[in-house]
Amino acid sequence: MLASLLGFTVITIDVSAVNIALPTIRDSLSSDMSGLQWVVDAYTLMFAAWMLSAGALADRTGARRAYAWGVALFTLASLGCALAPGTGVLIGARVAQGAAAAVVMPASLALIRQAYPDPRARARAIALWTVGGSVAMAAGPVLGGLLTDLAGWRAVFLLNLPVGAVILALLIRVPRSPRRPAALDGGGQLTAVLALAGLAFAVIEGGHLGWTSGPVLAAAALALVSACAFCVVEARHRHPMVPPAMLRDRSVAVALAVGFAVNAAFYGGVFLLGLYYQQLRGMSAIAAGLMFVPMSAVVTATNLVSPRLSERIGRRPVIVTGQLVFISAMLAMLPLAAHTPVWLVLVLLLPLSIGGALAVPALTALLMDAVPPERAGTASGLLNSLRQTGGALAVALFGGLLSGPGGDFSLPGMRIGLLSVAVLLLATAALARLLLPRG
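Residues numbered from 1 in each chain as written. Predicted model: local features only at pLDDT ≥ 70, side-chain atom pairs only at ≥ 80, totals over all residues. Heavy atoms only, no water.

Draft legend 1. Geometry of the nonpolar core. Of all hydrophobic cores here, the largest spans 134 residues; its most connected members are Ile11, Leu273, Tyr277 and Met330. Residues in contact with Ile11, not counting those within four places in the same chain, are Tyr43, Phe47, Phe74, Ala101, Val104 and Met105. (Core = buried A, V, L, I, M, F, W, Y, C linked by side-chain atoms within 4.5 Å. Buried < 20%, exposed > 50% of the residue type's maximum accessible area, 1.4 Å probe, protein only. Contact = heavy atoms within 4.5 Å.)

If you want it as structure tokens, here you go:
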């Protein structure tokens, strides 16, 4: 349990802690906004793409072995990040980190299932694992700010080394995991990676090179061709990563769309706020990290309330309400400026804390009920993949809009990004209201 919890915690902290370190990374490595976007998205996109087949890999090799290799690669990649002499090397190491994290997450859950055969004990263990992720997300900005201010941004990655060593030591005492037959879809995996990478490049670099520049148009074409190839491969493969029949179910399709939009709003907002606090308001990294503590506390509390609300009033109202709250969060942040009182900033961020925490538990439960038991792992991996993709594309969008003349923080660009995400949420809220069952 401890080995599983530590792995999930460290890959979660890495996401939010690095966001706080971005301004310091920019100054240290002389990076531009595009480079900072890739530092975040290189991790998130690989996490999203490899999540589609990571569960099958854990089944084929055994959960303990897959987990050990994932943790080892994540630890070595973290060392590569810490030693990176420039932005290019840092981005490459983040790619390796994201691929490793995609293996760690499903393997950590498989280890819990192996360790707790009793359903009640397993349910308590999974609840503890989930709370650990919430605590890690809350602690990430604070820890990232503290390490960045006291020891520099490289310390954010060096912290992963002793944690990785402890996990590997704990795994020595964990019994071997059984191997199960599971088909791997190499063609689907390759085309998924190419499609996501091409799309991310087009969105990130489009804001800097121009939307009609040759590299951007080539990346967009690669994304389109790869996406079409992915659909063809999945339709013909005997054991596809994403069964086409699953996507024809209304509840599944809507849950995936909502998951994409909700994560776009949340992670786009976190990326925006980390830069807003430090670049526009001039806060230190520690102060910026502390600004996320109230928001994270509200997220944890709302996560506990959401399942109870779903039982009382149904999942559809909770999912739709969560998105409407998120829309209000995007609109509430429009007036933010350099001299907005801190107390008012914290109040305006309350809807950002509540929206996703309200919707995600309900849409996850909806998805699990909409698919047969043998497809639960596939559906869960697909949901997590699309959620990560939504966050990555939001970072790409916001990064391009936030960079004003001379690299300064652009308030007009921020407002355009917030309105764009609000429109996306409005569309998915309408889909959920029209297509989801009432119960």
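Draft legend 2. Focus on the packing of aromatic side chains. Taken as a whole and judged by the stated rule, the model has 6 aromatic pairs. Judged by centre distance (6.1 Å) and plane angle (85°), the rings of Trp153 and Phe157 are edge-to-face. Its relative accessible area of 1% is what places Phe157 among the buried residues. Aromatic ring contacts, followed pair by pair, group Tyr276, Tyr277 and Phe292 into a single cluster. (Phe/Tyr/Trp six-rings, centres within 6.5 Å; stacked < 30°, edge-to-face > 60°.)

Draft legend 3. Region of interest: the environment of Leu331. By the element assignment, Leu331 lies in helix 14 (residues 315–332). Take Leu331: its relative accessible area is 43%, and that puts it in the partly exposed class. (Helix = DSSP H or I, 4+ residues; strand = E, 2+ residues; numbered from the N terminus.)

Draft legend 4. Focus on the state of the cysteines. In this structure the tally under the stated criterion is 0 disulfides. Free cysteine: Cys231, not disulfide-bonded; nearest cysteine sulfur from Cys228 at 6.4 Å. (Disulfide = S-S within 2.5 Å.)

Draft legend 5. Inspection of the packing of helix 14 against helix 18 (residues 411–435) at higher detail. In the contact formed by helix 14 and helix 18, the axes pass within 9 Å of each other and the chain directions differ by 165°. Relative to helix 18, the element helix 14 is oriented roughly antiparallel. As for the relative orientation of helix 14 and helix 18, their crossing is left-handed in sense. Judged by residue contacts, Arg316, Ile319, Val320, Gln323, Phe326, Ile327, Met330 and Leu331 of helix 14 engage Leu418, Leu419, Val421, Ala422, Leu425, Leu426, Thr428, Ala429, Ala432 and Arg433 from helix 18. Its residues assigned to classes, the contact of helix 14 with helix 18 shows 14 nonpolar, 2 polar and 2 charged. (Axes fitted to C-alpha atoms, helices over the stretch in contact; angles between N-to-C directions. Parallel < 35°, antiparallel > 145°, perpendicular 65-115°, else oblique. Left-handed = near helix turned anticlockwise from the far one by under 90°. Nonpolar A, V, L, I, M, F, W, Y, C, P; charged D, E, K, R; others polar.)

Draft legend 6. Region of interest: unusual backbone geometry. Its identity is not glycine, yet Ser30 carries a phi of approximately 55°, on the positive side. Looking at where Ser30 falls in the secondary structure, it is placed in the loop between helix 1 (2–29) and helix 2 (33–61). Among the residues examined, Ser30 registers a relative accessible area of 66% and is labelled exposed.

Draft legend 7. Fine view of the side chain of Thr12. For Thr12, the position within the fold is in helix 1. When its relative accessible area of 11% is taken as the criterion, Thr12 is described as buried. Of the polar contacts made by the side chain of Thr12, one reaches the backbone oxygen of Phe8; its length is 2.7 Å. Not counting the four nearest positions on each side in its chain, Thr12 is found in contact with Gly133, Ala136 and Met137. (Polar contact = N/O pair within 3.5 Å; in protein donor to acceptor, adjacent residues only side chain to side chain.)

Draft legend 8. Main features of the side chain of Ser213. Structurally, the position occupied by Ser213 is in the loop between helix 8 (186–209) and helix 9 (214–236). What makes Ser213 buried here is its relative accessible area of 15%.

Draft legend 9. Highlighting the pattern of salt bridges. The final tally for this structure, using the stated rule, is 2 salt bridges. For Arg94, the salt bridge identified is with Asp14, shortest N-O distance 2.5 Å. You can see Arg94 sitting in helix 4 (residues 87–115) and its partner Asp14 sitting in helix 1, a full 80 residues away along the chain. Judged by its relative accessible area of 2%, Arg94 is buried. Here Asp27 makes a salt bridge to Arg26, at a shortest N to O gap of 3.2 Å. Exposure remark for Asp27: the relative accessible area of 54% places this residue in the exposed category. The exposure class assigned to Arg26 is partly exposed, which follows from its relative accessible area of 24%. (Salt bridge = Lys/Arg side-chain N within 4 Å of Asp/Glu carboxyl O.)

Remember that the coordinates give geometry; whether it matters functionally is a separate question.
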